[in-house]
Amino acid sequence: MATRLLHISDLHVGTQESPPVERALEGLIERLEPELVIASGDLTHRGLPEQHAAAAAFLRSLGLPVLAIPGNHDIPYTFPARFTRTFDEFERHWETTQPVFSSESLHVIGLNSVRAWRHQSGGIREEQLQRATKLLAEAPPGSLRVVTMHHQMIGAPWRSGKKPVARRSHVLATLVDAGAELILGGHIHQASVAERHEFEVVTGELRGVIVSIAPGLGQPRPQRRGEARGLHVYECEPGAIRVETYVWRDDDWGLTAVRRFARGREPLAVESAS
Ligand SMILES: [Fe+2]
Ligand SMILES: [Fe+2]
């Protein structure tokens, strides 16, 4: 069976509750049978204990392994807790802010890009990159090597003043050199997907990499344009990775885009017209 990965982000539990969205997500999971759910931060809106408890209960109710990392909304909103108990509530439910999931087919590294002293912008420290490099080297042969953080590596198509992760080029280059094939994020509440060969001349043994930002699953600002509720599904094919974008349309998830990228150095095979 194909290896699939469900990527949701920015649930913002504590704002707009939407039972139909949650129920339809269960249907999608039943149909697609992903191996893992990745929740790339902003699980809650204000980082409150009851919001963390509700977010964790929802994610655990999906009946699949969940790899969750914190977003800038998952830490206390007020001082001094923001600095003294930054990740206490998150860790109460998820144990660590930098989880790892590894199976024969998937090897996923979570990175915590949240900086308590910066409300919006995120960063990855050098020691985190070193840890990710070491962990990526331990990936089972042939497994899909994935790194996820909350802050975005590529920008939003629609308006957004949110800055990408600090030292973006350095972080991206380090993770690619370390073998990451799929780098995930959220934070901007809009889908954005690109593969390295689309924006860089890649020569020799250098690998490609897909950078993918999931739309927000929640909708903390219902009046705001340009923030469809959505999610991503990734599927490994022989020599290719498929990225599917689903968005919420009235009462169900609609498959809105399917993108296929070459995995590794070989170009995608073109299907014959016959
Ligand atoms: Fe968010
Ligand atoms: Fe965020």
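Please read all numbers here as calculations on a predicted model, not as lab measurements.

**Q** Help me understand the coordination of the iron ion (ligand 2) in this model?
**A** For a metal with four tetrahedral donors the ideal donor-metal-donor angle is 109.5 degrees, while six octahedral donors give ideal angles of 90 or 180 degrees. Coordination sphere of the iron ion (ligand 2), protein contribution only: Asp42 (OD), Asn72 (OD1), His150 (NE2) and His187 (ND1), at 2.2 to 2.3 Å. Relative to the metal, the four donor atoms surrounding the iron ion (ligand 2) lie at angles of 86 to 160°, and the coordination shape comes out irregular. Between the iron ion (ligand 2) and the iron ion (ligand 1), a spacing of 3.4 Å is present, and a bridge between the two is formed by Asp42. Taken together, the residues Asp42 in the loop between strand S2 (36-40) and helix H2 (49-61) and Asn72 in the loop between strand S3 (66-69) and helix H3 (81-84) connect sequence positions 30 residues apart. You'll find Asp42 and Asn72 in the same group, each marked buried.

**Q** What am I meant to see in the sheet that holds strand S11 (residues 240-249) here?
**A** Within a sheet, adjacent strands bond to each other through the backbone by hydrogen bonds, running parallel or antiparallel. Taken in spatial order, the six strands make up an open sheet running S3-S2-S1-S10-S11-S12, and their pairing is mixed. In this open sheet, the two strands that pair with only one neighbour each are S3 and strand S12 (252-262). If you compare each strand with its neighbour and ignore which way they point, the axes differ by 20° on average. Inspection of the sheet shows strand S10 (residues 230-237) paired to S11 by eight bridges, in the antiparallel sense. The residue of S11 that forms the bridge with Cys236 is Ile241. The strands that helix H1 (residues 19-32) touches are strand S1 (4-8), S10, S11 and S12; relative to S11, the one it contacts most, it runs at about 150°.

**Q** Is there a simple way to explain the sheet that holds strand S8 (residues 192-195) in this structure?
**A** Taken in spatial order, the six strands of this open sheet run S4-S5-S6-S7-S9-S8, and their pairing is mixed. Single-partner strands in this sheet number two, and they are strand S4 (100-102) and S8. Between one strand axis and the next, the sheet turns by 15° as a mean value, whatever way the strands run. Judged from the four bridges that link them, strand S7 (residues 182-185) and strand S9 (residues 210-213) form a sheet pairing that is parallel. Bridge pairing in S9 places Ile183 opposite Val211. Here helix H5 (residues 126-137) sits on the sheet in contact with S4, strand S5 (106-110) and strand S6 (144-148), set at roughly 170° to S5.

**Q** Got a minute to help me understand the coordination of the iron ion (ligand 1) in this structure?
**A** Coordination of the iron ion (ligand 1) by the protein comes from Asp10 (OD), His12 (NE2), Asp42 (OD) and His189 (NE2), over a distance range of 2.0 to 2.2 Å. One can describe the site at the iron ion (ligand 1) as irregular: its four donor atoms subtend angles covering 87 to 175° at the metal. The class for Asp10 is buried, based on a relative accessible area of 0%.

**Q** What am I meant to see in the packing of aromatic side chains here?
**A** In total, this model carries two aromatic pairs according to the counting rule given. Their ring planes at 20° and their centres at 5.6 Å tell us that Phe79 and Phe83 sit as a pair that is stacked. Ring centres 5.1 Å apart and planes at 70° place the aromatic pair Trp248 and Trp253 in the edge-to-face group. Assigned by exposure class, Trp248 and Trp253 land together as buried. Its end group placed over the ring of Tyr77, Arg46 keeps NZ or CZ at 4.0 Å from the ring centre. Lying across the ring of Trp94, Arg60 places its NZ or CZ 4.1 Å from the centre.

**Q** It is not clear to me how the environment of Ala24 should be interpreted in this structure. Could you clarify?
**A** By the secondary structure assignment, Ala24 is in helix H1. With relative accessibility at 14%, the residue Ala24 sits in the buried group. Each C-alpha atom, one on Ala24 and one on Trp253, is 7.0 Å from the other, the two residues being 229 residues apart in sequence.

About the cut-offs
- Residues numbered from 1 in each chain as written.
- Chains lettered and ligands numbered in written order.
- Predicted model: local features only at pLDDT ≥ 70, side-chain atom pairs only at ≥ 80, totals over all residues.
- Heavy atoms only, no water.
- Donors = N, O, S within 2.8 Å, 3.2 Å for Na, K, Ca; no water.
- Tetrahedral: all angles 85-135°; square planar, octahedral: opposite > 155°, others 65-115°.
- Helix = DSSP H or I, 4+ residues; strand = E, 2+ residues; numbered from the N terminus.
- Buried < 20%, exposed > 50% of the residue type's maximum accessible area, 1.4 Å probe, protein only.
- Pairing = 2+ DSSP bridges.
- Axes fitted to C-alpha atoms, helices over the stretch in contact; angles between N-to-C directions.
- Contact = heavy atoms within 4.5 Å.
- Phe/Tyr/Trp six-rings, centres within 6.5 Å; stacked < 30°, edge-to-face > 60°.
- Lys NZ or Arg CZ within 6 Å of the ring centre and 35° of its normal.

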